[in-house]
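So you can see what is in the structure, the chains are spelled out below.
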Amino acid sequence: MKKGLNILMMEDSPVDAELIRRLIKKEYPDSHIEQVAVKDLFLQRLEHELPDVILADNSLPGFDAREALLLVRGRGMQIPFIMVSGTMQEDYAVQVIKEGADDYILKDRLARLPAAIETAIRQRNIEAEKASIQAKLVSSEEKYRTIMERISDGFFIVDRDWGVIYANQTAEKMFGKPVGYLQGKKMNEEFPQAIDRPFFNAYLRALETNEAVEVEEYSIVADRWMQAVMYPSENGAAIFIRDKTAQRKAEEASRKSEEKYQTMLERISDGFLVMDRNWVVKYINPAAEKLLQRPPGYLPGKKMQEEFPGALERPFFKAYDEALRTGNNKYIEEYSVSINRWFQASIYPSPDGVAVFFRDVTEQRKAEEEVRKGEEKYRNFIQRITDAFISLDNNWCYTYLNKQAGELIQRKPEELIGKNVWAEFPDAMFSATYNAFHQALKEQKYTSNVDYFAPLDLWQENHIYPSEDGISVFIRNITEKKKLEIALQERQQKEQQQMIAAALEAQEKERNAIAIELHDNVNQILVGTKIVLSMLRDNPQDPAAILKNSLDNIELAINENRRIAHELVTPDMKRESLINQLVSLCDNMLRQAGITPSIQHETYREELLSEQQQLAVYRIAQEQCTNIIKHAGATSVTFTLSMEDRDFVFSIADNGKGADPRKTNTGIGLQSIRNRISVFGGSVSIHTNPGQGFELEINMLAER
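All of these numbers come straight from a predicted model, not from anything done at the bench.

Definitions and limits used
Residues numbered from 1 in each chain as written. Predicted model: local features only at pLDDT ≥ 70, side-chain atom pairs only at ≥ 80, totals over all residues. Heavy atoms only, no water. Helix = DSSP H or I, 4+ residues; strand = E, 2+ residues; numbered from the N terminus. Buried < 20%, exposed > 50% of the residue type's maximum accessible area, 1.4 Å probe, protein only. Areas by Shrake-Rupley, 256 points an atom, 1.4 Å probe, with all protein chains shown as cover. Arc of directions from axis to C-beta. Contact = heavy atoms within 4.5 Å. Pairing = 2+ DSSP bridges. Axes fitted to C-alpha atoms, helices over the stretch in contact; angles between N-to-C directions. Salt bridge = Lys/Arg side-chain N within 4 Å of Asp/Glu carboxyl O. Phe/Tyr/Trp six-rings, centres within 6.5 Å; stacked < 30°, edge-to-face > 60°. Core = buried A, V, L, I, M, F, W, Y, C linked by side-chain atoms within 4.5 Å.

Colleague: Just to check I follow, could you spell out the overall build of the chain for this structure?
Modeller: Per the secondary structure count, the chain includes 24 helices and 25 strands. When the 704 residues of the chain are sorted by exposure, 38% land in the buried category. Put simply, the chain shows about 41,200 Å² of open surface, and 51% of that area lies on carbon and sulfur atoms.

And the structure:
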């Protein structure tokens, strides 16, 4: 059912008014029709409420349709205005149409009135949309001026006297003029040699016809081939110019084989046909025959309504009639049921008939439908993503938030639309997020940052995508991740402090052990030697026995010093393999203490361990041998080295008295071993129980 209309009807005949009312109600059942017959009441109704359509009889006493039309248009109202009269001279009707009426209907042909109303409303809507678009273009003049400076084509705005209102840098460069030189100058005075050439003639033609004109010519001013498109307006024309010299040269070889003269209508890709006032086709180009699915030469002389009867009473045929009747150009887009395609047509009437340009826009329509589906899919995607999403305009006001964003910032999205983000969250002013938003918009490039917003206890990771209209931001809540990272850092710092403390304690222990070794062994031997030698001084009767005793003590001191030095010096892993170093260690420590060592290394691959790893293994073995000698009470020790892929395992197992597994984490020696292996990301495990021996096992990944 069609939407009801609010109609103001100027009519003094009750019978005619009732006929018109019934006819309209039949097509528009919900319409409200108000009848007036005098000027004052007509103006009062206009002041009270604007109607959708005005129907005006031309024969009211003291007030006619033309006067009513002038009153409406004089107030700037673009309400569809249709004259309804019993009789009307054609010249008078044409004059009123020119003054702004949308149509006229004779009362003996009222059946056409609903269609005329629908056409008038649709045409006024189109004109209103065009006016809105033009207003938006004017309001964004500065924006488009910037765009014009960036495009690679030359661009002029010229008034009707050839005066240059604006020229971008590219255009001035094309004509060899400095930046800003041409503004205010007249093109015909600056370039008199170009007068009466195609460019100037095309400009005049565009102003005369008020239609866009495209021209390509060799410019004697710029010494280049130029292509120009001129878009006229009431005040002049906007002109785009492109340097086509390179293209012309590239096309020259192929153009030589073409005919010198070729009809433009035969070349254009749009369909073109000419019909007389009886719908008879007088001319049709090949493109039109193809679009209409007819063989070449078939349609000339045929009547279109007979060839395409399914199209009768559809928009194209109605537009044809209206163009002939009103003398005005018509532009339509309709779906052809006969051909199953969408067409866009421009109809240009003349006294003899009409000329029609039309093109197949089916693919464009399909593409628009895909875009619509894509936009709907995009909206669904934004709502479904797990990250928060917001968009802000150039004034930092919200234009969109998904539900995840509302949950993240603890606000309802619909309440924030149109509000300034910094006014809503003043604590975020001058934060890292604030700076990142401004940087992305200013530099027009993707930016990301991580920031903490204390009022919400929120760590956020922002991904900022700018455009000319504002920014779009994906916001990821990384609060839990950040808190875990901070806790991990604190734990690592604590462990590092513990490692340093253990290392210092182990160093002090090692120094203390050296001091004890020197004091208890070497120092006592030297003190005993001193006493023996003093006896020789006091009792020189038996020097040979005393000297032998002294030499034996000195030899013993030398051996003790050598043993201590051997334990302290860093082994040379380049000159001696780890296995040989361990064999030597066992001989010098375990065998000297009466403990039998055994080394198993069948699957061990020493070339996979770095020198630092080999040294760590040696020091761990040295430390554990010391522990075994002092505490284990063992008689045998087994060393096992194995390698599977790059996983290295080293174990030291003794048959001593074992230990309580709950107390194995307190020893300084074992803590020192753990510190050494942690440097390589390795691990230490202990297997022991009282009376069941002790096994130390380390695991790490080979570095080579």
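Colleague: I keep staring at helix 4 (residues 90-98) and nothing clicks. Help me out?
Modeller: Note that an α-helix has 3.6 residues per turn; residues three or four places apart therefore point the same way. For helix 4, every residue scored as buried is listed here: Ala-93, Val-96 and Ile-97. Taken around the axis of helix 4, the buried residues stretch over an arc of 105°, which confines them to a single face. Residues of helix 4 that are exposed and point more than 90 degrees away from the buried face comprise Asp-91 and Lys-98. Where helix 4 is buried, its residues meet helix 3 (65-74), strand 4 (81-85) and strand 5 (103-106).

Colleague: Please clarify how the sheet that holds strand 25 (residues 694-701) should be interpreted in this entry.
Modeller: Strand pairs in the sheet, formed through backbone hydrogen bonds, run parallel or antiparallel to each other. What the 5 strands build is an open sheet, ordered 21-22-23-25-24; its pairing is mixed. Only two strands of the sheet have a single partner each, and these edge strands are strand 21 (596-600) and strand 24 (683-688). Neighbour-to-neighbour, the strand axes of the sheet open up by a mean angle of 10°, direction not taken into account. Inspection of the sheet shows strand 24 paired to strand 25 by 6 bridges, in the antiparallel sense. Bridge assignment links Val-684 to a residue of strand 25, and that residue is Ile-698. Along the sheet, helix 23 (residues 611-632) contacts strand 22 (636-644), strand 23 (647-654) and strand 25; its crossing angle with strand 23, the most-contacted strand, is approximately 15°.

Colleague: When you look at the pattern of salt bridges in this model, what are you seeing that I'm missing?
Modeller: One side chain can pair with another of opposite charge once the charged atoms of both are near each other. If you walk through the whole model with that rule in mind, you get 38 salt bridges. The closest approach of N and O atoms between Asp-102 and Arg-124, which form a salt bridge, is 2.8 Å. Of this pair, Asp-102 sits in the loop between helix 4 and strand 5 while Arg-124 sits in helix 5 (residues 113-139); the two residues are 22 residues apart in sequence, bridging distant segments of the chain. In this pair, the class of Asp-102 matches that of Arg-124, namely buried. Residue Asp-153 pairs with Arg-242 through a salt bridge whose shortest N-O separation is 2.8 Å. Here the residue Asp-153 occupies a position in the loop between helix 6 (141-150) and strand 6 (154-159), and Arg-242 occupies one in strand 10 (residues 236-243), the gap between them amounting to 89 residues. On the basis of relative accessibility, which here comes to 14%, the residue Asp-153 falls in the buried class. A cluster of three or more residues bridged by salt bridges with shared partners is formed by Glu-11, Asp-16, Asp-57 and Lys-107.

Colleague: Looking at this structure, I do not really get the packing of aromatic side chains. What am I missing?
Modeller: For any pair of aromatic rings, geometry is given as the distance between the ring centres together with the angle between the planes. Under the counting rule described, the total for this entry stands at 32 aromatic pairs. With a centroid separation of 4.5 Å and 45° between ring planes, the pair formed by Phe-272 and Phe-357 is classed as tilted. Taken as a pair, Phe-272 in strand 11 (residues 271-276) and Phe-357 in strand 15 (residues 353-360) lie far apart in primary sequence, 85 residues in all. Classification of Phe-357 as partly exposed rests on a relative accessible area of 29%. Where Phe-389 meets Tyr-400, the ring centres are 6.0 Å apart and the plane angle is 50°; that geometry is what we call tilted. One end of the pair, Phe-389, is in strand 16 (residues 388-393); the other, Tyr-400, is in strand 17 (residues 398-401), with 11 residues separating them in the sequence. Look at Phe-389 and you get buried, because its relative accessible area is 4%.

Colleague: What am I meant to see in unusual backbone geometry here?
Modeller: What is expected of a backbone is that most residues other than glycine have negative phi and most peptide bonds are trans. We note that Trp-162 has phi near 75°; this positive angle belongs to a residue other than glycine. Here Trp-162 shows up in the loop between strand 6 and strand 7 (164-167). Residue classification places Trp-162 among the buried positions, given a relative accessible area of 10%.

Colleague: Would you mind showing me how to read the pairing of strand 10 here?
Modeller: Along a regular strand, successive side chains alternate from one face of the sheet to the other. Note that strand 6 and strand 10 share 6 bridges and pair antiparallel. By the bridge assignment for strand 10, Phe-156 is matched with Ile-239. Where strand 9 (residues 224-233) and strand 10 come together, 8 bridges link them in antiparallel fashion. Residue pairing in the sheet places Met-226 in a bridge with Asp-243 of strand 10.

Colleague: Help me out: how do you make sense of the nonpolar core in this one?
Modeller: If you look at soluble globular proteins, the nonpolar side chains tend to sit buried side by side. Counting 37 residues, the largest nonpolar core has Leu-578, Phe-639, Leu-641, Phe-648 and Phe-650 as its most contacted members. Breaking this core down by element, the ones donating at least two residues are helix 22 (578-590), helix 23, strand 22, strand 23, helix 24 (668-678) and strand 25. Ignoring any residue separated from it by four or fewer positions in sequence, one finds Phe-639 in contact with Cys-586, Leu-590, Ser-598, Ile-599, Gln-600, Ala-621, Cys-625, Phe-650, Ser-651 and Ile-652. Counting residues in hydrophobic clusters, the runner-up holds 27 residues, among them Trp-162, Ala-171, Phe-199 and Ile-239.

Colleague: Would you mind showing me how to read the side chain of Ser-336 here?
Modeller: Tracing the backbone shows Ser-336 in strand 13 (residues 330-336). Looking at Ser-336, the relative accessible area reads 12%, which means it is buried. Here Ser-336 is in contact with Arg-341 and Phe-343, once residues within four sequence places are set aside.

Everything listed here is a matter of coordinates, which is why it stays silent on function.
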